[in-house]
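Breakdown of the fold
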Amino acid sequence: MQRADGFERQRLSVVPRPVVEAALAKPVTRRMVVTDAGYFPRAAGHGRHRPAGAPETIVIVCVSGAGWVEAGGQRTRVGSATAIVIPGDVPHSYGADAADPWTIWWCHVRGSDVPELVEAVGVSIDRLVLPLRAVDRATALLDEISTSLARDTTPARMVAASGMAWRLFTQLAVDRLLPEHGTPVERALRYLEERIDGTVHVGELAAMVGVSPSHLAALFRDATGGGVIAHHLALKMAHARHLLDTTDLPVAEVARRVGMDDAFYFSRRFRVAHGVSPTAYRGQGKG
């Protein structure tokens, strides 16, 4: 079933297709163009069935109520604080729950960079639904996009909407990559942040958060791209940069405050990380 649009207090912005094609031919907006955007509150009866997919990639953020999405023969329930990302040309259907219809913000996008951004978000034909921890940030961006395009579709407005859509996709990617609060890896990351001036043993940290050392190492690779000790060292170096930039503390004292009593060892590690000594770094013009 496909119901015609028309929901009380809805917003709906459709960019004229000649404007879309013109934007796709321009250097900046060819990377990302918003073609449609809107807000459907309590969208009873809302649904779409596209057996050939859509030329655009579709982003839907459900803020309350419920619905469903189907692709690849698999139907997935969609609840509040959830995003759906449907890549272009993927056959699909979606709709609001009959008993508790969803409230959604949404947009459609095209552009040369969209496939890479979809990949960064972690979407696949088997996984179109993403839980959101920062749903307010995603909806704020969709609100801006919809409001902007409702005013006009001048080249300047199209550039602005493109930038906001870029931020939306990167926010979805970050939301997926950041560990959820209370998980073993999140607790381990917080522990390391609170002990920049100390030494951490992987086995002890793993036992503290309730996983094996090998499992903790795998979690850290997924979350940070490296190991536990490497991440702790990166935190130390970041704090060292802050102290070098904002204080007149001697290098030896900076080293001590990041848990390295040997100033020469600290200087070697700093040079490896930054390509210059702590003293040379402090003397660089910044900003």
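The structure contained in this document is the topic of the report that follows. Since the structure is predicted, the reported quantities are computational estimates derived from the model, not experimental observations. (Residues numbered from 1 in each chain as written. Predicted model: local features only at pLDDT ≥ 70, side-chain atom pairs only at ≥ 80, totals over all residues. Heavy atoms only, no water.)

Our next topic: the sheet that holds strand 7 (residues 82-86). Taken together, 6 strands build an open sheet; the order of strands is 1-2-9-4-7-10 and the sheet is antiparallel. The two strands at the open ends of the sheet, each matched to only one other strand, are strand 1 (11-14) and strand 10 (129-131). For this sheet the average axis-to-axis angle between neighbouring strands, irrespective of direction, equals 15°. When strand 4 (residues 57-64) meets strand 9 (residues 103-110), the two strands line up antiparallel, connected through 7 bridges. Across the sheet, the residue bridging to Cys62 is Ile104, located in strand 9. (Pairing = 2+ DSSP bridges. Helix = DSSP H or I, 4+ residues; strand = E, 2+ residues; numbered from the N terminus. Axes fitted to C-alpha atoms, helices over the stretch in contact; angles between N-to-C directions.)

This part is about the side chain of Ser277. Residue placement: Ser277 occurs in the loop between helix 10 (263-274) and helix 11 (278-283). Ser277 gets classed as buried once you look at its relative accessible area, which sits at 17%. Excluding residues that lie within four positions of it along the chain, Ser277 makes contacts with Phe270 and Arg271. (Buried < 20%, exposed > 50% of the residue type's maximum accessible area, 1.4 Å probe, protein only. Contact = heavy atoms within 4.5 Å.)

In this section: the sheet that holds strand 5 (residues 67-71). Within the open sheet, the 4 strands sit side by side as 3-8-5-6. Their pairing is antiparallel. The open sheet terminates on both sides in strands that have one partner only, identified here as strand 3 (47-50) and strand 6 (74-78). Averaged over all neighbouring strand pairs, the angle between strand axes comes to 10°, with direction disregarded. The pairing of strand 5 with strand 8 (residues 92-96) spans 4 bridges and is antiparallel. Across the sheet, residue Val69 finds its bridge partner in strand 8, namely Tyr94.

Here we take up the pairing of strand 6. Bridge analysis of strand 5 against strand 6 gives 5 bridges, and the strand direction is antiparallel. What sits directly across from Trp68, in strand 6, is Arg77.

Position of Asp261 relative to the elements: it lies in the loop between helix 9 (251-257) and helix 10. The spatial distance from the C-alpha of Asp261 to the C-alpha of Arg187 is 27 Å, given a sequence separation of 74 residues.

Bringing the packing of aromatic side chains into the picture now. Under the definition given, this model contains 6 aromatic pairs. For the ring pair Tyr94 and Trp102, a centre distance of 6.4 Å and an interplane angle of 50° mean the geometry is tilted. Like Trp102, Tyr94 is buried. The interplanar angle of 70° and the centroid separation of 5.5 Å between the aromatic rings of Phe270 and Tyr281 together place this pair among those described as edge-to-face. (Phe/Tyr/Trp six-rings, centres within 6.5 Å; stacked < 30°, edge-to-face > 60°.)

Okay, unusual backbone geometry next. Apart from glycine, the bulk of residues carry a negative phi angle, and the bulk of peptide bonds sit in the trans form. With a phi angle near 40°, Arg42 is a residue other than glycine that sits in the positive phi range. Assignment of secondary structure puts Arg42 in the loop between strand 2 (33-40) and strand 3. A positive phi is found at Ala81, a non-glycine position, where the angle reads about 60°.

What follows covers the nonpolar core. In this structure, Val34, Ile84, Val85, Trp102 and Phe169 are the most contacted members of the largest nonpolar core, which totals 56 residues. Examining the composition of this core, we find that 8 residues originate from one element, helix 4 (residues 155-177), more than from any other. If near-sequence neighbours (up to four positions away) are discounted, Val85 is found in contact with Thr57, Ile58, Val59, Val118, Val121, Val123, Leu128, Leu130, Phe169 and Leu172. By size, the runner-up hydrophobic cluster in this structure holds 27 residues, among which are Leu235, Leu244, Leu249 and Val254. (Core = buried A, V, L, I, M, F, W, Y, C linked by side-chain atoms within 4.5 Å.)

Let us now look at helix 5 (residues 184-194). Listing the buried residues of helix 5 in full gives Val185, Glu186, Ala188, Leu189 and Leu192. All buried residues of helix 5 fall inside an arc of 165° around its axis, so they share one side. Those residues of helix 5 that are buried are in contact with helix 6 (202-209), helix 7 (213-224) and helix 8 (228-246). (Arc of directions from axis to C-beta.)

Turning to the environment of Gly45, a few remarks are in order. Here Gly45 is to be found in the loop between strand 2 and strand 3. Distance in space between the C-alpha atoms of Gly45 and Glu70 is 16 Å, their sequence separation being 25 residues.

With that out of the way, let us pick up the state of the cysteines. In this structure the tally under the stated criterion is 0 disulfides. A disulfide-free cysteine, Cys62 has its sulfur positioned 15 Å from the sulfur of Cys107, the nearest such atom. (Disulfide = S-S within 2.5 Å.)

In contact at an axis separation of 9 Å, helix 3 (residues 135-151) and helix 4 are set at 165° when each is read in the N-to-C sense. It follows that helix 3 is roughly antiparallel to helix 4 by the angle criterion. Two packed elements cross with a definite hand, and for helix 3 against helix 4 that hand is left-handed. Residues Arg137, Ala138, Leu141, Leu142, Glu144, Ile145, Ser148, Leu149 and Arg151 of helix 3 form the contact with helix 4, whose participating residues are Arg157, Met158, Ala161, Met164, Ala165, Arg167, Leu168 and Gln171. For the contact of helix 3 with helix 4, a count of residues per class yields 10 nonpolar, 2 polar and 5 charged. (Parallel < 35°, antiparallel > 145°, perpendicular 65-115°, else oblique. Left-handed = near helix turned anticlockwise from the far one by under 90°. Nonpolar A, V, L, I, M, F, W, Y, C, P; charged D, E, K, R; others polar.)

Everything listed here is a matter of geometry and, on its own, says nothing about what the molecule does.
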